[in-house]
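One-letter residues, chain by chain:
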Amino acid sequence: MFSVIKRFKGQDAHSRMMYLADYTSDVENLPTNENRGKQGENDLSVNAKCSVGSLCSVVEDGSVWILNNQNEWIQQSGSSSSYTGSEATSAEVLALFGWSEEE
């Protein structure tokens, strides 16, 4: 299962999104710029198409995935679990992706 954690403002046909997935197997169900997501038939909030550059963080292993220009979710090299057991603020999570809360 996956959830939308942030929808970023922009001029794209589809919004750049940040998702949180429970398992790496959930990544294959994420939407792309060309295809809707495959989680629940009527859940438009998570199944809506998204922009290239959208990101997904996976709880299971701490991996980070980005939607490339070929509409493929690609795991970022070096992304692995670095969970320390402490809670991160939303600003700290966004900083991991190189974004700020103002976007």
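Refer to the structure printed above.
Note that the structure is predicted; figures quoted are calculated from it, not measured.

### Comments concerning the side chain of N71
Alright, step 1. Mapped onto the fold, N71 is located in the loop between strand 4 (64-67) and strand 5 (73-75).
Alright, step 2. Within the local environment of N71, its side chain forms a polar contact with the backbone nitrogen of N33, the two atoms lying 3.0 Å apart.
Alright, step 3. Every residue in contact with N71, bar those within four places of it in the chain, is listed here: T32, N33, E34 and V52.

### Description of the pairing of strand 4
Alright, step 1. Only one face of strand 4 is buried: it carries W65 and L67, and the other face, with V64 and I66, is open.
Alright, step 2. The pairing of strand 3 (residues 55-58) with strand 4 spans 3 bridges and is antiparallel. What sits directly across from L55, in strand 4, is I66.
Alright, step 3. Between strand 3 and the antiparallel strand that follows it, strand 4, lie 5 residues; G62 among them carries a positive phi value of about 75°.
Alright, step 4. As paired elements, strand 4 and strand 5 share 3 bridges and run antiparallel to each other. If you follow I66 over to strand 5, its bridge partner there is I74.
Alright, step 5. Hairpin connection between strand 4 and strand 5: a loop of 5 residues separates the two successive antiparallel strands, and N71 in this loop has a positive phi of roughly 60°.

Rules used throughout
Residues numbered from 1 in each chain as written. Predicted model: local features only at pLDDT ≥ 70, side-chain atom pairs only at ≥ 80, totals over all residues. Heavy atoms only, no water. Helix = DSSP H or I, 4+ residues; strand = E, 2+ residues; numbered from the N terminus. Polar contact = N/O pair within 3.5 Å; in protein donor to acceptor, adjacent residues only side chain to side chain. Contact = heavy atoms within 4.5 Å. Buried < 20%, exposed > 50% of the residue type's maximum accessible area, 1.4 Å probe, protein only. Pairing = 2+ DSSP bridges.

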